[in-house]
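# Commentary on secondary and tertiary structure
Each chain, written out:
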There are 2 protein chains.
Amino acid sequence: MGLIEKTLSSIGPLDERAAASAQERLDSLTKPLGSLGCCEDLVRRYAAIRHDPTARLGRRAITVFVADHGIAAEGVSAYPKSVTLEMLRNIAGGGAAISVIARASGYHLAVTDVGVETDTSADPIPGVRYRRIGAGTANFLRGPAMSIAQVRAAIEAGIEAALTEAADGATLIGLGEMGIGNTTAAAAVLANLTEVEAARLVGRGTGLDDRGLQRKLEVVEAGLRLHRAARGDAIATLAALGGFEIAAMTGACLGAAAERIPVVVDGFIATAGAIAAERLRPGLHQHLFFGHRSAERGHAAVLEAIGARPILDLDIRLGEGVGAALAMKLIEAALLLFHEMATFASAGVSGRSR
Amino acid sequence: MGLIEKTLSSIGPLDERAAASAQERLDSLTKPLGSLGCCEDLVRRYAAIRHDPTARLGRRAITVFVADHGIAAEGVSAYPKSVTLEMLRNIAGGGAAISVIARASGYHLAVTDVGVETDTSADPIPGVRYRRIGAGTANFLRGPAMSIAQVRAAIEAGIEAALTEAADGATLIGLGEMGIGNTTAAAAVLANLTEVEAARLVGRGTGLDDRGLQRKLEVVEAGLRLHRAARGDAIATLAALGGFEIAAMTGACLGAAAERIPVVVDGFIATAGAIAAERLRPGLHQHLFFGHRSAERGHAAVLEAIGARPILDLDIRLGEGVGAALAMKLIEAALLLFHEMATFASAGVSGRSR
């Protein structure tokens, strides 16, 4: 049995007794019943995923997967492909948005090169983990983006990243990515794995103009026609249309769920990885929090299709895990309230009169 | 000239040049143009309110005003009136939700008794400031809730609280409150000062059942009939239907704006204070951030009526400034990104290609 199958088989149900126990404590705290709203949902589900009624918070980690995309050759991005490697350096070097938030928040930041076009592993960038599946994917208009063996290797890289975080004591993992061209790949993957049509999934990415947007939609629709045999199959779809980082995020969702670690999914591209994980293991979404509703057009449509309510709605469309990291600050705050607020009994506060 | 008039006359326009300068820096950071969404709006407006293109963040403070309400005698709350004093002790003692968040976030927490029914000032509760305007307001079904002199004193208490924070170096102030019965007073004030009708403003507060909700609506409508002469006038409306803590929050909005300090308004009741401030000084809302959309029914209607987009939307309905404090974490994160992210030039990242 391979790592993927082993991981899938070890994902169990949530612990509803832990959730009920956490709610009991929430109801004893000095506040009107239910008045913390979504923060109470976050605490309850955190406890259920962790199988821990005390909802203890350990290490918080952000895992960012970086890769290049053959489809970028079709002119689907406002930025040149070289930006992927430049941003890999910037993230590892501390200057990117996610680096700044992770540093200030005490989140462990792991950055993995799963297939940037230029191979820097011989003269490694400090702080980067190398788990390269290839030198970028192939152009999905000319064949599959990658082989089935590569999909499996990328998913395994994601599982291993989650297992590493688990071994280091993480109890909450945020998922992010970087890769020029990856909103195109994510839109194609999501169109193939959900009922949402391509026209609602294709957006401006890093800032396409109207003409670029039209071109991008044509590229995605051509890809969907070419790879229609893969429709509905997560592994086949990731191979046909996906990206190494998207498949790695699929693996990270699975690995974290197997380790009972809640995952905070970032925006549009991370959601594509999460949806593929849900197809491999129906019900997996219960182990995930959706950090924010991205301004990238397709994200709202997908979240609606799966009935997910994101924690934040700030029109962010940056990737890297930034929306996830900001949402983690709220999850932390919710857990802090759960742990540190006084109870009606301890504070001598009267309960309801009617 | 009294303190209120002096404060009103010293509130100036925002600094649009500081905003433009901040946006220029935002555009130089290593991210797609505009991709931080609302976080960029927060930074730009913070710079404009502060008249500081560098958007330096100083001390962050939460100011909570606590008072009792005569209208509580009409059975409009799910909790007994004694809870106001009990929660005053709990907030000052560190066990309330706002105490927990402020402590963990390094926010200075100021708690002011502006009129709790029981006077504890002779044997003062540690950590409480006493600026009592009275022993709770009067029942607004039997006359005005307070005198015009009391409204002015309460507004002045709020102005002074803001001036104290300014003197201590605050550059961001969150506004919160506690007072059994105050969603009733806030709904009545808002119905009198906006075009939103009472039925859309009256909600369940701390958790009324259907019968209680109906009773509360009848109380508010009776109050509006009795005090219809005050309609549209902020001072007269606060006197007729308001609360000491609501008027104090009005004053805090004015005082902070005069000191060029952005205010983060909490939920429904704080918004009533803010709307009264806007009536006294049209345009004041530009100096305010709305921290969250409360689950209390009327809040969404009021925010929509004034065209405000709240930072968070988490179904919180707790008061105390909790929604404001959580939103402040995001404002801080936005400013941190502004200050610490690398620029395209410093990180050697390529700009747009098309």
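Residues numbered from 1 in each chain as written. Chains lettered and ligands numbered in written order. Predicted model: local features only at pLDDT ≥ 70, side-chain atom pairs only at ≥ 80, totals over all residues. Heavy atoms only, no water.

### A few points about the overall build of chain A
When its secondary structure is counted, chain A shows 15 helices and six strands. Expected size for 354 residues packed as a compact globule is a radius of gyration near 20 Å; at 20 Å, chain A falls within 12% of this value. Each of the three principal axes of chain A carries a C-alpha extent, and together these read 70 × 40 × 40 Å. For chain A, buried positions account for 64% of its 354 residues. In chain A, the share of contacts with a sequence separation of at least 24, taken over all contacts with a separation of at least 6, comes to 75%. For chain A, the accessible area works out to roughly 11,800 Å², and carbon and sulfur atoms hold 50% of it. Measuring between centres, the 36 positive side-chain charges of chain A sit 3 Å from its 38 negative side-chain charges. (Helix = DSSP H or I, 4+ residues; strand = E, 2+ residues; numbered from the N terminus. Rg over C-alpha atoms; globule rule 2.2 N^0.38 Å. Buried < 20%, exposed > 50% of the residue type's maximum accessible area, 1.4 Å probe, protein only. Contact = heavy atoms within 4.5 Å. Areas by Shrake-Rupley, 256 points an atom, 1.4 Å probe, with all protein chains shown as cover. Lys, Arg positive; Asp, Glu negative; His and termini not counted. Charge placed at Lys NZ, Arg CZ, Asp CG, Glu CD.)

### A few points about the interface of chain A and chain B
The interface of chain A with chain B comprises 60 residues on the first partner and 60 residues on the second. Across the interface of chain A and chain B, roughly 4,900 Å² is buried in total on both sides, 60% from carbon and sulfur atoms. The interface formed by chain A and chain B includes six salt bridges. At the surface where chain A touches chain B, the tally comes to 24 residue pairs in polar contact (both at pLDDT 80 or more). Of all the secondary structure elements, the ones that give two or more residues to the side of chain A that touches chain B are helix H3 (38–50), helix H4 (82–93), helix H5 (97–105), helix H14 (322–340) and helix H15 (344–347) of chain A. For the side of chain A that touches chain B, the element with the highest residue contribution is H14 of chain A, accounting for eight residues. (Buried area = accessible area lost by both parts, 1.4 Å probe. Salt bridge = Lys/Arg side-chain N within 4 Å of Asp/Glu carboxyl O. Polar contact = N/O pair within 3.5 Å; in protein donor to acceptor, adjacent residues only side chain to side chain.)

### A word on helix H7 (residues 182–193) of chain A
Because an α-helix packs 3.6 residues into every turn, residues spaced three or four apart end up facing the same way. Residues and elements named next belong to chain A. Its 12 residues give H7 an end-to-end C-alpha distance of 16 Å, which sits within 8% of 16 Å, the value for a rise of 1.5 Å per residue. Burial of H7 is extensive: 12 of the 12 residues sit out of reach of the surface. Among the residues of H7, Asn-182, Thr-183, Thr-184, Ala-185, Ala-186, Ala-187, Ala-188, Val-189, Leu-190, Ala-191, Asn-192 and Leu-193 are the ones counted as buried. (Expected span 1.5 Å × (residues − 1).)

### Some thoughts on the confidence of the model for chain A
Of all residues in chain A, 100% have pLDDT values of 70 or greater, and the mean over the chain is 97. This complex was scored by the predictor with a pTM of 0.98 and an ipTM of 0.97. (pLDDT = per-residue confidence, 0-100.)

### Quick word on the domain arrangement of chain A
All names here are of chain A. Taken domain by domain, chain A comprises domain 1 (3–55 + 338–347) and domain 2 (59–332). Taking only C-alpha atoms into account, the centre of domain 1 sits 28 Å from that of domain 2. With 16 residues of domain 1 at the interface, the matching set in domain 2 holds 26 residues. In total, domain 1 and domain 2 occlude about 2,100 Å² of area from one another, counting both sides; carbon and sulfur atoms represent 67% of this. The interface formed by domain 1 and domain 2 includes one salt bridge. The closest approach of N and O atoms between Arg-152 and Glu-5, which form a salt bridge, is 3.0 Å. At the boundary of domain 1 and domain 2, one finds seven residue pairs in polar contact (both at pLDDT 80 or more). Elements with a minimum of two residues in the side of domain 1 that touches domain 2: helix H1 (3–9) and H3. By residue number, the principal contributor to the side of domain 1 that touches domain 2 is H3, which donates six residues. Across the side of domain 1 that touches domain 2, the residue classes tally to nine nonpolar, four polar and three charged. (Domains from an automatic or database assignment. Nonpolar A, V, L, I, M, F, W, Y, C, P; charged D, E, K, R; others polar.)

### Here we look at unusual backbone geometry
Residue and element names in this part refer to chain B. The backbone of His-51 sits at a positive phi, close to 55°, despite the residue not being glycine. Examined against the element boundaries, His-51 turns out to sit in the loop between helix H3 (38–50) and strand E1 (59–67). Using a relative accessible area of 26% as the deciding quantity, one classes His-51 as partly exposed. Positive phi, normally seen in glycine, also occurs at Ala-55, with a value near 50°. Along the chain, the position of Ala-55 falls in the loop between H3 and E1.

### Some details on the nonpolar core
Ile-311, Leu-312, Val-322 and Leu-326 of chain A together with Ile-311, Leu-312 and Leu-326 of chain B are the most contacted members of the largest nonpolar core, which has 128 residues in total. Among all residues touching Leu-312 of chain B, those that are not within four sequence positions of it are Leu-312 and Leu-330 of chain A together with Gly-291, His-292, Arg-293, Gly-323, Leu-326, Ala-327 and Leu-330 of chain B. (Core = buried A, V, L, I, M, F, W, Y, C linked by side-chain atoms within 4.5 Å.)

### Digging into the packing of aromatic side chains
In total, this model carries zero aromatic pairs over all chains according to the counting rule given. The cationic tip of Arg-25 of chain A hangs over the ring face of Phe-338 of chain A; the distance from NZ or CZ to the ring centre is 5.7 Å. (Phe/Tyr/Trp six-rings, centres within 6.5 Å; stacked < 30°, edge-to-face > 60°. Lys NZ or Arg CZ within 6 Å of the ring centre and 35° of its normal.)

### Digging into the packing of H7 of chain A against helix H12 (residues 268–280) of chain A
Residue and element names in this part refer to chain A. Across the interface, H7 lies against H12 with an axial gap of 9 Å and an inter-helix angle of 30°. Of the possible angle classes, the one that applies to H7 and H12 is roughly parallel. The handedness of the crossing between H7 and H12 comes out as left-handed. Residues Asn-182, Thr-183, Ala-186, Ala-187, Val-189, Leu-190 and Leu-193 of H7 lie in contact with H12, whose contacting residues are Phe-268, Ile-269, Thr-271, Ala-272, Ile-275, Ala-276 and Arg-279. Counted by class, the contact of H7 with H12 contains 10 nonpolar, three polar and one charged residues. (Axes fitted to C-alpha atoms, helices over the stretch in contact; angles between N-to-C directions. Parallel < 35°, antiparallel > 145°, perpendicular 65-115°, else oblique. Left-handed = near helix turned anticlockwise from the far one by under 90°.)

### Points about the sheet that holds strand E3 (residues 128–130) of chain B
Strand pairing in a sheet relies on backbone hydrogen bonds, with the paired strands running either antiparallel or parallel. Residues and elements named next belong to chain B. Ordered by their spatial adjacency, six strands build an open sheet running E3-E2-E1-E4-E5-E6, and the pairing between neighbours is parallel. Two strands lie at the open edges of the sheet, namely E3 and strand E6 (288–290), each paired on one side alone. Ignoring which end each strand starts from, the neighbouring axes of this sheet average 30° apart. The pairing of strand E2 (residues 108–115) with E3 spans three bridges and is parallel. Bridge pairing in E3 links Thr-112 to Arg-129. (Pairing = 2+ DSSP bridges.)

### Some points on the packing of H7 of chain A against helix H9 (residues 210–226) of chain A
Residues and elements named next belong to chain A. One way to put it is that H7 packs onto H9 with a least axis distance of 10 Å and a crossing angle of 45°. The orientation of H7 with respect to H9, classified from their angle, is oblique. Seen along the crossing, H7 lies across H9 with a hand that is right-handed. Mapping the contact onto sequence places Thr-183, Thr-184, Ala-187, Ala-188, Ala-191 and Asn-192 in H7 and Lys-216, Val-219, Val-220 and Leu-224 in H9. Looking at the contact of H7 with H9 residue by residue, the classes come out as six nonpolar, three polar and one charged.

### Details of the side chain of Asp-266 of chain B
Residue and element names in this part refer to chain B. For Asp-266, the position within the fold is in the loop between strand E5 (263–265) and helix H12 (268–280). Although Asp-266 is buried, it makes no salt bridge; Arg-317 carries the closest opposite charge, 12 Å away. One polar contact links the side chain of Asp-266 to the main-chain amide nitrogen of Gly-321, over a distance of 3.1 Å. Side-chain polar atoms of Asp-266 contact the backbone nitrogen of Ala-324, separated by 3.0 Å.

### Focus on the pattern of salt bridges
Applying the stated criterion to the full structure yields 38 salt bridges over all chains. Residues Arg-231 of chain A and Glu-195 of chain A are paired through a salt bridge, measuring 3.8 Å at the closest nitrogen-oxygen approach. One end of the pair, Arg-231 of chain A, is in the loop between H9 and helix H10 (234–241); the other, Glu-195 of chain A, is in the loop between H7 and helix H8 (198–201), and 36 residues separate them in sequence. Given the relative accessible area of 75%, Glu-195 of chain A is considered exposed. A salt bridge links Arg-131 of chain B to Glu-160 of chain B, with the shortest nitrogen-to-oxygen separation between them at 2.4 Å. In this pair, Arg-131 of chain B is assigned in the loop between E3 and helix H6 (148–167) and Glu-160 of chain B in helix H6, connecting sequence segments 29 residues apart. Glu-160 of chain B sits in the partly exposed class, given a relative accessible area of 32%. Connected via shared salt-bridge partners are Arg-59, Arg-129, Glu-165 and Asp-168 of chain A.

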